[in-house]
Amino acid sequence: MSTEEHAAPTNFIHKIIEEDLAAGKNDGRVHTRFPPEPNGYLHIGHAKSICLNFGLAEAFGGQCNLRFDDTNPVKEEAEFVNSIKEDVKWLGFDWADREFYASDYFPKLYEWAVQLIKDGKAYVEDLSADEIRQYRGTLSEPGKNSPHRDRPVDENLKLFEDMKNGKFPDGAKVLRAKIDMASPNLNFRDPVLYRILHAKHHRTGSDWAIYPMYDWAHGQSDSIEGVTHSICTLEFEDHRPLYDWCLDTLGVYHPRQYEFARLNLTYTVLSKRKLLQLVTEKIVNGWDDPRMPTISGLRRRGFTASAIREFCERIGVAKANSTVDLALLEFCLREELNYSAPRVMAVLKPLKVVLTNYPEDKVENLEAENNPEQPEAGSRTMPFSRELYIEQEDFMEDPPKKFFRLAPGKEVRLKHAYIIKCEEVIKNGSGEITELHCAYIPETKSGEAEAGRKVKGTLHWVSARHAVTAEVRLVDNLFSEIEPDKIEIPGSLNPNSLEVLTDCKLEPSLKGAQPGDRFQFLRMGYFIADAVDSKPGTPIFNRTTPLRDTWAKVKKKG
RNA sequence: UGGGGCGUCGUCAAGUGGCUAAGACACAGGAUUUUGAUUCCUGCAUUCGGAGGUUCGAGUCCUCCCGCCCCAGCCA
């Protein structure tokens, strides 16, 4: 799949760039940027933006910067910048030496603010946050001018410098642009440019007592970096006039901003606030919990970077709010893993089977292909003996019509081995099935005379004596509601999002699985050796995603 | 009821006045299969939020209407 050809990715931004290039804009340069705020971990929604920004640059032979939008020290941390870098890299993108920080531009931004004040286009405000809100007016009523709006330039200059030098406490004053308190666009009603924050910044420490707001920092950062196309999400559409105003007023190079709809995914929460809540309230075990839609969570869960990239390509880029079906992400994953993942056998919920007519101490090493999609992947051998484990759900004492698996008196094929027939069901005192006594049919061994004999079902199995006992974690959606982002957190949490199985029986070859190794457990799904909790010789597996399960659908229908 | 956006199949999404409205996922049938997996066929919008209008011809242009999203942080 990764080598397959795709229809040229086309979206409205791609077209805009083509037109710009045709019109000779920006000297034929294409320069984008991915501008995360380091206040949380990246998630699948960010992946869409990353693929778009880096992808566009790549498609047009341009460049994409990684720029941390770190203008709010109270929320931002170095831990987040590290995770973001790791995730972008893992996704397969390279910003080379263009790792930038809005905080790199604090001196320049300050200088520009002074210029604005000198031009009579900004003033120091004494009103409290509350008063500013009241003066701002409402959606349908214009605001009122602040009593400090016409403060003399010299006074503004002095006050702003005092702000910078930490002479005032947090919240005492702000710097505002002087635009239009009656504008129908609230962003034009004298927006705050700087606020006082005596907080330690992850990079500039306590050098600054004032920090620029997003609107004052973003466009100028784009301008400094020579960005040509500044791509952001829809909620910033209203900010574009202000983005333009800042750049035009300053008379500096003016990149163009374009907005696209952010990603929403069914059964998934993507709002930063809720993701943070899941972590801080310990509903999940950290940002990289395999149930999290974070890049690090998906990675730990076993998703591949290329599957995520493929997904981002398939969902498209447009301006309509939309919610993509989680099934598409899973499809992209399975499409890749079906091709690449080695097949192995693992019994998750074991049921013992004794082959009564098989010699006590005999062991056969049977050949098993590693991947039917890749014959060149070769084969391995698996020990087969008198006592085996099969999956509990592969046996029913009183099966319905279309049950193709094992049942009293019924025959099934053991994959790569023999056809067996169930002859006796052994139960304990409380009536629970403890083991099955079966007969194997020697001439049905794979590759031999009657190997072609037809049976309806084929089961996976593991030799009891040779099995590796291991822990396997069945990961499922964190939420059972289709659009969990629309309600508050405890609401639709899936109580079964994580099922930990500690008595799984794996084929011996799995003992040496390394953290991060991916497999298809035959008939059960795709699994990865957990990168955090696996120990040498005792891997722990996470279920990345189950296989498509037509039988489950048939069962449901009854 | 200010401003900014958006409305094409269950879900994404092409389509920029002219063949029977792409494609993917999902879904439903069928074939092959020592994974009820994969693969392979087949089906799945007489219709583009609605109503008018322009035009030989409209999802595409015009008018009006309806619905949904975003904005009143010293967050981004």
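Residues numbered from 1 in each chain as written. Chains lettered and ligands numbered in written order. Predicted model: local features only at pLDDT ≥ 70, side-chain atom pairs only at ≥ 80, totals over all residues. Heavy atoms only, no water.

**Section: the sheet that holds strand β23 (residues 518-521)**
Here's step 1: Pairing is mixed in the open sheet, where seven strands are placed in the order β10-β23-β24-β25-β21-β22-β11. Taken across any chain shown, the strands that pair with only one partner, and hence form the sheet edges, are β10 (343-344) and β11 (346-347).
Here's step 2: Looking at chain direction, strand β21 (residues 468-475) and strand β25 (residues 540-545) are connected through three bridges and run parallel. Residue pairing in the sheet places Val472 in a bridge with Phe541 of β25.
Here's step 3: Contacts between helix α12 (residues 326-340) and the sheet are confined to β10, β23, β24 (525-529) and β25, with β25 contributing the most and set at about 120° to the helix. (Pairing = 2+ DSSP bridges. Helix = DSSP H or I, 4+ residues; strand = E, 2+ residues; numbered from the N terminus. Contact = heavy atoms within 4.5 Å. Axes fitted to C-alpha atoms, helices over the stretch in contact; angles between N-to-C directions.)

**A short note on the pairing of β21**
Here's step 1: Taking burial as the measure, the eight residues of β21 include six buried ones, the bulk of the element.
Here's step 2: Bridging between β21 and strand β22 (residues 498-506) involves seven bridges; their strand directions are antiparallel. Note that in β22 the partner of Arg473 across the bridge is Val500. (Buried < 20%, exposed > 50% of the residue type's maximum accessible area, 1.4 Å probe, protein only.)

**Examining the protein's contact with RNA strand B**
Here's step 1: Neighbouring RNA strand B are 68 residues, the closest being Lys15, Leu186, Arg405, Ser446 and Thr550.
Here's step 2: If you look at RNA strand B and keep only atoms within 4 Å of the protein, 67% of those are sugar or phosphate atoms.
Here's step 3: In the environment of RNA strand B, a sugar or linking oxygen lies 3.5 Å from a nitrogen or oxygen atom belonging to the side chain of Ser322.
Here's step 4: One nitrogen or oxygen atom from the main chain of Thr323 is found 2.8 Å from a phosphate oxygen belonging to RNA strand B.
Here's step 5: Put simply, the parts of the chain that give the surface near RNA strand B at least two residues each are α5 (129-135), β6 (192-196), α11 (305-315), α12 and α13 (550-557).
Here's step 6: For the surface near RNA strand B, a count of residues per class yields 27 nonpolar, 17 polar and 24 charged. (Near = heavy atom within 4 Å. Polar contact = N/O pair within 3.5 Å; in protein donor to acceptor, adjacent residues only side chain to side chain. Nonpolar A, V, L, I, M, F, W, Y, C, P; charged D, E, K, R; others polar.)

**Brief notes about helix α7 (residues 214-225)**
Here's step 1: Taking 1.5 Å of rise per residue, the twelve residues of α7 would be expected to cover 16 Å, and the 16 Å separating its terminal C-alpha atoms lies within 8% of that figure.
Here's step 2: With ten of its twelve residues buried, α7 lies for the most part within the structure.
Here's step 3: When α7 is considered as a whole, its buried residues turn out to be Asp215, Trp216, Ala217, His218, Gly219, Gln220, Ser221, Asp222, Ser223 and Glu225.
Here's step 4: Following α7 by one or two positions, Gly226 adopts a phi angle in the positive range, close to 70°. (Expected span 1.5 Å × (residues − 1).)

**Comments concerning the pattern of salt bridges**
Here's step 1: Inspection of the entire model under this criterion finds 43 salt bridges.
Here's step 2: With its nearest N and O atoms 2.7 Å apart, the salt bridge here joins Arg67 to Asp222. In this pair, Arg67 is assigned in strand β2 (residues 63-68) and Asp222 in helix α7, connecting sequence segments 155 residues apart.
Here's step 3: Across the pair Arg300 and Asp533 runs a salt bridge whose closest N-O atoms are separated by 3.3 Å. Taken as a pair, Arg300 in helix α10 (residues 295-301) and Asp533 in the loop between β24 and β25 lie far apart in primary sequence, 233 residues in all.
Here's step 4: Residue Arg300 is classed as buried on the basis of its relative accessible area of 12%.
Here's step 5: Here the salt bridges share partners, and the residues they tie into one network are Asp288, Arg300, Glu471, Arg473, Asp530 and Asp533. (Salt bridge = Lys/Arg side-chain N within 4 Å of Asp/Glu carboxyl O.)

**Quick notes on the nonpolar core**
Here's step 1: Ranked by size, the top nonpolar core spans 37 residues in total, and within it Ile44, Val88, Leu265 and Phe311 carry the most contacts.
Here's step 2: For this core, the secondary structure elements donating two or more residues are α2 (44-59), β2, α3 (78-90), α10, α11 and α12.
Here's step 3: If you tally residues by element for this core, the top one is α2, at six residues.
Here's step 4: When sequence neighbours within four positions are dropped, the list of residues in contact with Leu265 reads Ile44, Leu270, Phe311, Thr323, Val324, Asp325, Leu326, Leu329 and Ile482.
Here's step 5: Ranked by size, the runner-up nonpolar core spans 31 residues in total, among them Ala177, Ile210, Trp216 and Leu242. (Core = buried A, V, L, I, M, F, W, Y, C linked by side-chain atoms within 4.5 Å.)

Geometry only, nothing functional implied.
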